[in-house]
Amino acid sequence: MCKLKYSKMPLMILIVNMFIAQVGVGLIIPILPKFVQDFGVNNATLGYLVSAMGFTQFLFSPLAGKWADQYGRKIIIVSGIGLFSVSQYLFGVANELWMLYVSRLIGGIGIAFTTPAITAYVADITTEENRGKSLGWIGAAMSFGVVIGPGIGGFLAEYGLRLPFYVASAASAFSMVAAFLLLPETLSQEKQIIARNSLGKSENIFSQVALSFKAPYFFLLVLIFILTFGLVSVEVVFGLYVDVKYGYTPKDIAILLTVGVLMGVLVQALLIDWLLRRFGEKSVINMSLVLSAASLALMLLPGSFGYILLVTTLHIAFTSILRPAIHTLLSKMAGEEQGFVAGMSNTYTSLGIIIGPSIAGILFDIHINLPYLFGVTLILVSLAIPVLSLKKEKIAA
């Protein structure tokens, strides 16, 4: 691997790229219902449009991660940002429903390209000692983009419903140019050729997933799926849960989520490096799992708005620690397959996002507490995963 001297400039470019992409994903949330009214569609179509991006993200993440190992990080990052820019522009100019679907599908491919390649790039330019801190900043950029995206979308929509998509497209195009001009390639031609000959011939997603079954880090990928599945199951019904149980308004719900995610951003940006250096990845993962389960269980207890705000903030903060800790450990175990591993991580995340909401809806219809009890159970079951991962790692060694 062509290891660069650690530099803040490439990392800053990657942080900005990740932030812009997540803002683009989030800004559609407050606009979409009103935007599609002109197309005369039903509410189910809104769900399909949201799911379309996750579908192509799932399909292309393992391939994009593999290509990042075979052809270099830079070309995949630039291509991903470019595709996302095209998708945002297409959504803005769409005058037929099929154009909206095409836009979302292309956007999913763009995200699938960008996220694994950025994670692999960070692994290339950092040492094991400072990798956790850098991945924490990337995670903070993702979280902050998710938080601020809907607000930016709602603000720009006051000047025209299509304006947010044009702005997002222009910002992505600028980010693409900056990445093309300023990001050096971190993977040597020799390493790329070796990767083309050693990671398998098939480009089929199922064979790529099958390859991950044999890897020493497989149990960490399972952990990512279980956590995403459980957490998304909780998050998707959070608004309904506090509405039914407490009668909270959309403003109340926005306050709960915004404060919680902002705390998660601060934790990822400021504490991840210290936690990983002080306790190590496996201990941090175990600790975060226990505290996440405990805070989630506390949400089931009745309380004031201040109490719900506190436990929600704690839960989001604890879960915000998990992802960079897991990704840091994955990166250390990945060796020369940084792109492939990052792509598979994105794939397992996408699977959780696709499956989790439907299960949560079914459980919520049975009883409003069931999604939370289910989430607590999954998190507690996940406690076994780091132990299994460690055993697997020792066997592989």
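Our subject in this report is the structure included herewith. In this convention, every chain numbers its residues from 1, walking through the sequence in written order. In keeping with the predicted nature of the model, local features appear solely for residues at pLDDT of at least 70, side-chain atom pairs appear and are counted solely at 80 or more, and the whole-chain, interface and lining totals rest on all residues. As a rule here, side-chain values cover all heavy atoms of the structure and leave hydrogens and water aside.

Another aspect to go through is helix H13 (residues 272-279). Given 3.6 residues per turn, any residue in an α-helix points the same way as the ones three and four places further on. Only protein chains enter the area calculation, which uses a 1.4 Å probe; residues under 20% of their type maximum are buried, those over 50% are exposed, and those in between are partly exposed. Only DSSP runs of H or I with at least four residues qualify as helices, and only runs of E with at least two residues qualify as strands; both kinds are numbered from the N terminus onward. Residues of H13 that are buried: Ile272, Asp273, Leu275 and Leu276. Around the axis of H13, the buried residues are gathered within 165° of arc, so they sit on the same side. Residues of H13 that are exposed and point more than 90 degrees away from the buried face comprise Trp274, Arg277 and Arg278. Of the residues flanking the end of H13, it is Gly280, one or two places downstream, whose phi is positive at about 90°. This arc is taken over the directions from the axis of the helix to the C-beta atoms.

Describing an aromatic ring pair means giving the distance of the ring centres and the angle of the ring planes. Stacked, tilted and edge-to-face are the three classes assigned to paired rings of Phe, Tyr and Trp, where Trp is represented by its six-membered ring and a pair needs centres within 6.5 Å; plane angles under 30 degrees give stacked, over 60 edge-to-face, the rest tilted. Scanning the model with the defined rule gives 9 aromatic pairs in all. For the pair Tyr89 and Tyr166, a centre-to-centre distance of 6.0 Å together with 45° between the ring planes defines the contact as tilted. Of this pair, Tyr89 sits in helix H4 (residues 73-93) while Tyr166 is found in helix H7 (residues 163-182), placing the two residues 77 residues apart along the sequence. Ring plane angle 20° and centroid distance 5.2 Å describe the contact between Tyr246 and Tyr248, whose orientation is recorded as stacked. What makes Tyr246 partly exposed here is its relative accessible area of 23%. Through a chain of ring-to-ring contacts, three or more aromatic side chains come together here, namely Tyr246, Tyr248 and Phe305. A ring is scored as having a charge over it whenever the NZ atom of a lysine or the CZ atom of an arginine sits within 6 Å of its centre and within 35 degrees of its normal. For Lys74, the ring lying beneath its charged end belongs to Phe180, and the centroid distance is 5.3 Å.

Turning our eyes to something else, we now look at the environment of Ala170. Mapped onto the secondary structure, Ala170 falls in helix H7. Distance from Ala170 to Ser85, taken between C-alpha atoms, is 7.0 Å for residues 85 residues apart in sequence.

Note on patches: the residues involved have over 30% relative accessible area and no salt bridge, like charges join within 9 Å, and the nonpolar side chains Val, Leu, Ile, Met, Phe, Trp and Tyr join within 5 Å. For accessible areas, the Shrake-Rupley method is used with a probe of radius 1.4 Å. Any residue's cover is judged against the shown protein chains and nothing else. Any Lys or Arg side-chain nitrogen located within 4 Å of an Asp or Glu carboxyl oxygen qualifies as a salt bridge. A contiguous nonpolar surface patch, about 530 Å² in accessible area, is contributed by Met9, Val177, Phe180, Leu181 and Leu182. Residue placement: Leu181 occurs in helix H7.

Here we come to the pattern of salt bridges. Tallied over the full model, the rule gives 4 salt bridges. For Glu281, the salt bridge is made with Lys332, and the minimal N-O distance between the two is 2.5 Å. In this pair, Glu281 is assigned in helix H14 (residues 281-298) and Lys332 in helix H15 (residues 305-334), connecting sequence segments 51 residues apart. The network of salt bridges with shared partners includes Asp69, Arg73 and Asp124.

All we've got here are geometric facts, nothing functional implied.
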